[in-house]
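The lines below spell out each chain.
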Amino acid sequence: MTGYRVSDVMTRQVVYLPAETTLDEAARVMKEADIGDVVVTDGASLAGMLTDRDIVVRAVAERSDPATTTIGSVITREVVMIEQHATAGEAASLMRERGIRRILVCDGERKLVGIVSLGDLAMQLDPNSALSDISEQAPTV
């Protein structure tokens, strides 16, 4: 991972959904885009991030109705960001420290430019590793 910057491994496709979006609609968007996360907005503000795990662990386990439950009620509100020129190792350390699998990536003006996941880092570190295989094959919602 030495020498790689977050910008080299991040996903540049960022999908935004308003906090009022229902879980079923968010799941549909994630499936169609083949992604495991969306950035949630509250008006012009960043409200948090919704992951496929949030949908399963928080919503399904609590038996929330996906047609009426909004994503704003289940999102992870603590948003962790890293600058795009940080090293991949710094991103991995931040994930380990915070116990998270995804970090929002920003530019020098703190404008969102991508998302880096544990799977992105694993694929860069060793494309043939078991973690890379799992990350590539893991179904999204």
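This section reports on the structure supplied with the text. Predicted, not measured: the structure shown is a model, and the values here were computed from it.

Reading guide: rules and limits
Residues numbered from 1 in each chain as written. Predicted model: local features only at pLDDT ≥ 70, side-chain atom pairs only at ≥ 80, totals over all residues. Heavy atoms only, no water. Helix = DSSP H or I, 4+ residues; strand = E, 2+ residues; numbered from the N terminus. Buried < 20%, exposed > 50% of the residue type's maximum accessible area, 1.4 Å probe, protein only. Contact = heavy atoms within 4.5 Å. Pairing = 2+ DSSP bridges. Axes fitted to C-alpha atoms, helices over the stretch in contact; angles between N-to-C directions. Salt bridge = Lys/Arg side-chain N within 4 Å of Asp/Glu carboxyl O.

## Brief notes about the side chain of Ser 7
The topology assignment puts Ser 7 in helix α1 (residues 6-9). Its relative accessible area of 17% is what places Ser 7 among the buried residues. Once you skip the residues sitting within four places of it in the chain, Ser 7 turns out to touch Arg 12 and Gln 84.

## A closer look at the sheet that holds strand β6 (residues 112-117)
Read across the open sheet, the 3 strands follow the order β4-β5-β6; overall the sheet is mixed. Taken across any chain shown, the strands that pair with only one partner, and hence form the sheet edges, are β4 (81-83) and β6. Within this sheet the neighbouring strands show an average axis-to-axis angle of 35 degrees, counted without direction. With 3 bridges connecting them, β4 and strand β5 (residues 102-106) associate as parallel partners. When the sheet's bridge partners are listed, Ile 82 is paired in β5 with Val 105.

## Comments concerning the pattern of salt bridges
Counted under the stated rule, the structure contains 4 salt bridges. Across the pair Glu 25 and Arg 28 runs a salt bridge, and its minimum N-O distance is 2.9 Å. Taken together, the residues span about one helical turn, with Glu 25 and Arg 28 both in helix α2 (residues 23-33) at a distance of 3 residues. In this structure, Arg 102 and Asp 37 form a salt bridge, with 2.6 Å as the shortest nitrogen-oxygen distance. Here Asp 37 lies in strand β2 (residues 37-42) and Arg 102 lies in strand β5, a separation of 65 residues in the sequence. Each member of the salt-bridge network shares a partner with another, and the members are Asp 37, Asp 52 and Arg 102.

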